[in-house]
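In case you want the letters, here they are:
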Amino acid sequence: MIRRRTHVLGLALALLGLAFATPALASDDPTGSQAFKYELRALGAKAGEAVLLIGDLQAVGKDQLRPIRIDARTEGLAAKVMETTSASTTWVDKLWLPVRARWDIAINRVQRVYKTIFAGKKVTGTDERDGKLFANNDFTIPQRGSDIVSVFGWIMNQDMTPGTRYVIQVYDGRRIYDLRLDVGAATEITIPIGVRKAIPIKGQISRGEYKRDVTMWLSTGEDRAPLKLSFSYGLLGSVDAVLVSQRKVGKGEKEG
């Protein structure tokens, strides 16, 4: 049970892009990428940072795909609960749905590598721990789904009419979860970069009896930037991630 709860916490944190602090984006970032940097807060203190990077469409073999990446690590109290570093990329198509992924994640000093292929309703992949095969995964889902990295880009590019509900399945490297999202009416929120008009999206992640509520606020601007994300988790209480900067990243640049 403890292992399952730890992994579920990992799902919630990764889904929100929250529990991480990035050292720097790699030098091979695709030209024109959008970099969104967040600060994680829990129990009144900083718990980490994250950078979500969304690249432009580019040729990958015979396909035109777009990289979505999270580079991250926990710090402070969050690191004591779950010490995490991540360099994870999912490649998505023009519908913002995943085609392939490789996630390099260390949780409590165990090195994990998830490699996944998304082919229609089929999700297949491997889960390696410290260089050894831990599991082969093979799922068939009712319709094409997303994953815990690419779901950000997918959400940002949906219709945000108030009252709209979305339901999509999300893969976390081990299991398939259901994600329900309800779009609310735009309101103003205050974040470190100022007052912004935002669209609240209330979500619920579920799998069997496990359920957890999350809330995301997207900018009403053309970029639909994720401005803030919140959820509650056990001893950490309310966990928030707030946007502290965003910018275009050209090839060879680094986001500090």
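Please read these numbers as outputs of a predicted model, since none were measured by experiment. (Residues numbered from 1 in each chain as written. Predicted model: local features only at pLDDT ≥ 70, side-chain atom pairs only at ≥ 80, totals over all residues. Heavy atoms only, no water.)

A. Looking closely at the overall build of the protein. Within the protein, the regular secondary structure consists of three helices and 17 strands. Across the 256 residues in the protein, those meeting the buried criterion constitute 54%. When the accessible surface of the protein is totalled, it reaches about 12,000 Å², and 50% of it is carbon and sulfur. (Helix = DSSP H or I, 4+ residues; strand = E, 2+ residues; numbered from the N terminus. Buried < 20%, exposed > 50% of the residue type's maximum accessible area, 1.4 Å probe, protein only. Areas by Shrake-Rupley, 256 points an atom, 1.4 Å probe, with all protein chains shown as cover.)

B. Molecular detail of the side chain of S230. Within the element layout of this structure, S230 appears in strand 16 (residues 226–233). Judged by relative accessible area, which is 12%, S230 ranks as buried. At a separation of 2.5 Å, a polar atom in the side chain of S230 contacts the side chain of D240. (Polar contact = N/O pair within 3.5 Å; in protein donor to acceptor, adjacent residues only side chain to side chain.)

C. Just the pattern of salt bridges, in detail. Inspection of every chain in the model, using the stated rule, returns eleven salt bridges. One salt bridge connects E49 with K37, and the closest N-O pair in it is separated by 3.8 Å. Taken together, the residues span a long stretch of sequence, with E49 in strand 2 (residues 45–54) and K37 in strand 1 (residues 33–42) at a distance of twelve residues. Close ionic contact of K46 with E49 constitutes a salt bridge, the shortest N to O distance being 2.5 Å. The class of K46 is partly exposed, set by a relative accessible area of 36%. E49 sits in the buried class, given a relative accessible area of 16%. Several salt bridges share partner residues, and in doing so they unite K37, K46 and E49 into one network. (Salt bridge = Lys/Arg side-chain N within 4 Å of Asp/Glu carboxyl O.)

D. Fine view of a nonpolar patch on the surface. A contiguous nonpolar surface patch, about 250 Å² in accessible area, is contributed by L43, L77 and V81. The topology assignment puts L77 in helix 2 (residues 76–81). Classification of L77 by relative accessible area gives partly exposed; the value is 37%. (Patch = residues over 30% accessible without salt bridge, like charges linked within 9 Å, V, L, I, M, F, W, Y side chains within 5 Å.)

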